Amino acid sequence: MTSGSTPGLARFNTSQDSAALAALHEVCASSAWGSKLLAQRPYATVEALFDASDAAMAELTAEDLAEAMAGHPPIGRPKPGDPTSAREQRGMAGASEELKSELLELNLAYQEKFGHVFLICATGATGEQMRDAVKIRIENSHETEREIARGELVKINRIRLTRLVEGE
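Everything in this summary refers to the structure shown in the same document. (Residues numbered from 1 in each chain as written. Predicted model: local features only at pLDDT ≥ 70, side-chain atom pairs only at ≥ 80, totals over all residues. Heavy atoms only, no water.)

1. So, the pattern of salt bridges
Pairing is possible between side chains that carry opposite charge, provided their charged atoms lie close to one another.
Point 1. For the coordinates displayed, the defined rule picks out 11 salt bridges.
Point 2. In this structure, aspartate 132 engages arginine 131 in a salt bridge whose closest nitrogen and oxygen atoms are separated by 3.1 Å.
Point 3. Judged by relative accessible area, which is 17%, arginine 131 ranks as buried.
Point 4. A salt bridge links glutamate 152 to lysine 155, with the shortest nitrogen-to-oxygen separation between them at 2.9 Å. Here lysine 155 and glutamate 152 lie together in helix 9 (residues 142-166), a separation of 3 residues that amounts to about one turn.
Point 5. Relative accessible area serves as the criterion here: at 9%, glutamate 152 is assigned to the buried category.
Point 6. Three or more residues are tied together by salt bridges with common partners; here these are Glu102, Arg131, Asp132 and Lys135. (Salt bridge = Lys/Arg side-chain N within 4 Å of Asp/Glu carboxyl O. Buried < 20%, exposed > 50% of the residue type's maximum accessible area, 1.4 Å probe, protein only. Helix = DSSP H or I, 4+ residues; strand = E, 2+ residues; numbered from the N terminus.)

This is the structure we're talking about:
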């Protein structure tokens, strides 16, 4: 990944506000996050965009975080027709029915406790790694888990922003 300027970054910087906001919404469902990034355009470098994204994520309220998390499907159940979710959850592709069933059960227990989907940067993670993470994290307090989820969103947003700005 480059930290300088890219054709995709230039396109993002110069696109209409509505198009840029739509692209940002594909990265993160939080309208507060998207508005903050939109307001700071143009970005000189990809790293400047990442820094703005990280800062905006750090400022999100619990309600804003809930909105961001609502844009993510449960692990093991990517939204039909959503290539981003399918790509990010590729580690579940070869998972056994037993593992998928166990993860579904854990996801439901997690959602029952915290009120939102289990959020993890799934890119490059195996089904077993994701299962083990939810088993550990379900024991967290609400406050601890909210901050872990915020950190996972930072990682996911950077991956998605990279795809956005490195395209031709």
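There is more to say after this.
2. Things to note about the packing of helix 2 (residues 17-27) against helix 9
Point 1. Close contact between helix 2 and helix 9 brings their axes to 9 Å; oriented N to C, the two are set at 140°. One way to sum up the angle between helix 2 and helix 9 is to call them oblique. The two elements helix 2 and helix 9 meet at a crossing, and its hand is right-handed. Every residue of helix 9 that contacts helix 2 at Ala23, Leu24, Glu26 and Val27 is listed here: Asn157, Arg160, Leu161 and Leu164. (Axes fitted to C-alpha atoms, helices over the stretch in contact; angles between N-to-C directions. Parallel < 35°, antiparallel > 145°, perpendicular 65-115°, else oblique. Left-handed = near helix turned anticlockwise from the far one by under 90°. Contact = heavy atoms within 4.5 Å.)

3. Concerning the packing of aromatic side chains
Aromatic rings considered in pairs are described by the distance between their centres and by the relative angle of their planes.
Point 1. Applying the stated rule across the entire model yields 3 aromatic pairs.
Point 2. Consider the rings of phenylalanine 12 and tyrosine 43, whose centres lie 6.4 Å apart with planes at 20°: the pair is stacked. Of this pair, phenylalanine 12 sits in helix 1 (residues 7-14) while tyrosine 43 sits in the loop between helix 3 (31-39) and helix 4 (46-59), placing them 31 residues apart in sequence. The exposure classification of phenylalanine 12 matches that of tyrosine 43, with both residues buried.
Point 3. A centroid spacing of 5.2 Å and a plane angle of 80° characterise the contact between tyrosine 110 and phenylalanine 118, whose relative ring orientation is edge-to-face. Each member of the pair, tyrosine 110 as well as phenylalanine 118, carries the same accessibility label: buried.
Point 4. The structure contains a cluster of three or more aromatic residues connected by ring pairs, namely Tyr110, Phe114 and Phe118.
Point 5. Here arginine 41 stacks its cationic end above the ring of phenylalanine 12, 5.6 Å away from the centre of that ring. (Phe/Tyr/Trp six-rings, centres within 6.5 Å; stacked < 30°, edge-to-face > 60°. Lys NZ or Arg CZ within 6 Å of the ring centre and 35° of its normal.)

4. Let's talk about helix 8 (residues 127-137)
Counting along an α-helix, one turn takes 3.6 residues, and residues three or four places apart therefore face a common direction.
Point 1. Taken together, the buried positions of helix 8 are occupied by Gly127, Met130, Arg131, Ala133, Val134 and Arg137. Each buried residue of helix 8 lies within a common arc of 160° when the element is viewed along its axis, so the set occupies one face.
Point 2. Where helix 8 is buried, its residues contact helix 7 (97-114) and helix 9. (Arc of directions from axis to C-beta.)

5. Quick word on the environment of glutamate 145
Point 1. Counting through the fold element by element, glutamate 145 comes out in helix 9.
Point 2. Separated by 26 residues in sequence, glutamate 145 and leucine 119 have C-alpha atoms that sit 9.6 Å apart.
Point 3. Those residues in contact with glutamate 145, other than ones at most four positions away along the chain, are Tyr110, Phe114, Arg137 and Asn140.

6. Side note on the environment of glutamate 59
Point 1. Looking at where glutamate 59 falls in the secondary structure, it is placed in helix 4.
Point 2. With 27 residues separating them along the chain, glutamate 59 and alanine 32 place their C-alpha atoms 9.2 Å apart.
Point 3. Dropping the residues within four chain positions of it, glutamate 59 is found in contact with Lys36 and Arg150.
Point 4. A polar side-chain atom of glutamate 59 sits 2.8 Å from a polar atom in the side chain of lysine 36. (Polar contact = N/O pair within 3.5 Å; in protein donor to acceptor, adjacent residues only side chain to side chain.)

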